Amino acid sequence: MSSLVEGLPARAERVIPGGVSSNVRLGAPRVFFQRGEGARLWDLDGREYVDYLLGQGPAFLGHAHPRVSAAVAEAARSGMVFGAQHPLEVEAAERFVAATGWPDTVRFGVSGTESVQAALRLARAATGRQRIVRFAGHYHGWLDNVLMDFANGGHGPASAGQPAGALADWLVVPFNDTEALTALFDRHGAEIAAVICEPMMCNAGAIPPRPGFLDLVRELTHRAGAVLVFDEVITGFRLALGGAARHFGVTPDLAVYGKALAGGWPVSAVAGRGDLMARFGTGEVNHSGTFNASVMAAAAIVATLDTLTSAPPYARIEDHGRRLMAGLAELGRRHGVPLRVQGLPVAFHVSFGPPRPVHDLAGLHALDLARYARFARTLAAHGVWVAGRGIWYVSAAHGEAELTDVLDRVDQALKHENDL
Ligand SMILES: Cc1ncc(COP(=O)(O)O)c(C=O)c1O
């Protein structure tokens, strides 16, 4: 261990509970990174990794994208937060609305978690109803009223300390289950304020909607007078410039964005139909935040959206992702292990199990996810940085060199796995 790293885990443990600043990182290998550039990371020992975690998604343009970094540095020189408006904020909002293509207006925030709250509050205010429908396995942030444990088919609190009753207003159905959703609306339609969903389930597997499923969600919400909220925190700007709404051709009433929106800068957004969003503007519905649309955040959004619109990377990313998915499946076959790959080229899931696609959380849980979580540690030891839960994110910075390196390293890791 290098002198730089020596003692760092213990120092971290002393002053940061668990040594990590987000519980999502508790199970990951305790690596300290010194630097990220493009699609690669370097730890304190100077070991290099090909990165398919991308900070859980935000580094969609690659780490330290020069245009975004320069824009943020330049913006910071003119001040950071004014408690008032500034021109970049308007430019960011204009570009956001133009890029996504369907919302009328947008409010920026800092984290996906808080923008989800704004969307749910707005839906309840607009409908005068309380109940919200969601799908088992979808994640909508870590706050008391949304954090849910779906283990063993249940849907209870996922953390000690969540107040009793915090989850009482939820109605939960399996993703892609047309009958369950229709029956739910037959029974509770008049009580439902909103349906919130990850249009493609990315927090558990990488499970696209079955053909027609999102259309059904759209139709049922419309008929019941409920608000449809797409949680596009992962899919926004990743599946397409217009996110999952554009990719799948279904327009929600509201959507929440984060991660890929600002080249790694902490920014989120709630956007949607003007008549709903207007309730923020009249003050009827509260949405606040000291750091909302800070100068640097706005600069990061403008630089990111400039980059994504002037040279759209989507075809290149898809090509990379498609070849990577095929390459991983081929390596699995060659090594005689049931390595399975499912999802879209921009965000796919790798695990061990039968090759047939899964469509919901129960199907995902039938796979050998524990084996993959162990394999992800082996991958880290071979210079491939990925999430233990199996999702792989491709960025605009991944190129031919990364494809060659990652397949070579996965090959080595599978050899190691077979030798155990
Ligand atoms: C779909 C989805 N919604 C909401 C969130 C919460 O966003 P944040 O971690 O920025 O609070 C996440 C985070 O991973 C997410 O994937």
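Residues numbered from 1 in each chain as written. Predicted model: local features only at pLDDT ≥ 70, side-chain atom pairs only at ≥ 80, totals over all residues. Heavy atoms only, no water.

Trainee: What is the right way to look at the site of the ligand in this model?
Mentor: All residues adjacent to the ligand are S111, G112, T113, Y139, H140, G141, E198, N203, D231, V233, I234 and K259. Separating an oxygen atom of the ligand from a backbone N or O atom of G112 is a distance of 2.9 Å. K259 places a side-chain nitrogen or oxygen 2.9 Å from an oxygen atom of the ligand. For the ligand, whose accessible area on its own is 390 Å², the fraction buried by protein is 82%. Considered class by class, the residues forming the shell around the ligand number three nonpolar, six polar and three charged. (Near = heavy atom within 4 Å. Polar contact = N/O pair within 3.5 Å; in protein donor to acceptor, adjacent residues only side chain to side chain. Areas by Shrake-Rupley, 256 points an atom, 1.4 Å probe, with all protein chains shown as cover. Nonpolar A, V, L, I, M, F, W, Y, C, P; charged D, E, K, R; others polar.)

Trainee: Explanation requested: the sheet that holds strand β2 (residues 40-43) in the structure shown.
Mentor: As a general point, the strands of a sheet are linked pairwise by backbone hydrogen bonds and lie either parallel or antiparallel. Read across the open sheet, the four strands follow the order β1-β2-β3-β15; overall the sheet is mixed. The strands lining the two open edges of the sheet, one partner per strand, are β1 (33-37) and β15 (384-385). Alignment of β1 against β2, held across four bridges, turns out to be antiparallel. By the bridge assignment, G36 is partnered in β2 with L41. Lying on the sheet, helix α13 (residues 400-419) is in contact with β2, β3 (48-51) and β15; it crosses β3 at an angle near 105 degrees. (Pairing = 2+ DSSP bridges. Helix = DSSP H or I, 4+ residues; strand = E, 2+ residues; numbered from the N terminus. Contact = heavy atoms within 4.5 Å. Axes fitted to C-alpha atoms, helices over the stretch in contact; angles between N-to-C directions.)

Trainee: Just to check I follow, could you spell out the domain arrangement of the protein for this structure?
Mentor: Often, the extent of an interface is quoted as the loss of accessible area upon association of its parts. Per the domain assignment, the segments of the protein are domain 1 (8-61 + 313-419) and domain 2 (66-310). Taken together, the contact between domain 1 and domain 2 spans 24 residues of the former and 31 residues of the latter. At the boundary of domain 1 with domain 2, total buried surface from both sides reaches about 2,300 Å², with 66% on carbon and sulfur atoms. Applying the counting criterion to the domain 1 and domain 2 interface returns zero salt bridges. Linking domain 1 with domain 2 are eight residue pairs in polar contact (both at pLDDT 80 or more). Looking at the side of domain 1 that touches domain 2, the elements with two or more residues in it are β13 (339-344), β14 (347-352), α11 (361-365) and β16 (391-393). Here the side of domain 1 that touches domain 2 is composed, by residue class, of 16 nonpolar, six polar and two charged. (Domains from an automatic or database assignment. Buried area = accessible area lost by both parts, 1.4 Å probe. Salt bridge = Lys/Arg side-chain N within 4 Å of Asp/Glu carboxyl O.)

Trainee: Looking at this structure, I do not really get the packing of helix α10 (residues 314-335) against α13. What am I missing?
Mentor: A packed helix pair is summarised by two numbers, namely the angle formed by the two axes and the spacing between the axes. The geometry of α10 relative to α13 is characterised by a closest axis approach of 10 Å and an angle of 20 degrees between their N-to-C directions. By the angle between their axes, α10 is roughly parallel relative to α13. The crossing of α10 and α13 is right-handed. Listed contacts from α13 to H320, R323, L324, G327, L328, L331, G332, R334 and H335 of α10 are E400, E402, L403, V406, L407, V410, D411, L414, K415 and N418. Per-class residue counts for the contact of α10 with α13 are eight nonpolar, five polar and six charged. (Parallel < 35°, antiparallel > 145°, perpendicular 65-115°, else oblique. Left-handed = near helix turned anticlockwise from the far one by under 90°.)

Trainee: Could you clarify how one ought to interpret unusual backbone geometry in this entry?
Mentor: Among all residues save glycine, negative phi is the norm, and among peptide bonds the norm is trans. Located in the positive-phi region is A64, a residue other than glycine, with phi close to 50 degrees. Tracing the backbone through its elements, the reader meets A64 in the loop between β3 and α2 (66-76). Classification of A64 by relative accessible area gives partly exposed; the value is 48%. In the Ramachandran plot, F237 falls in the positive-phi region, its phi being about 65 degrees despite a non-glycine side chain. Mapping F237 onto the fold places it in the loop between β10 (227-231) and α7 (243-248). Overall, F237 belongs to the buried group, its relative accessible area being 0%. (Buried < 20%, exposed > 50% of the residue type's maximum accessible area, 1.4 Å probe, protein only.)

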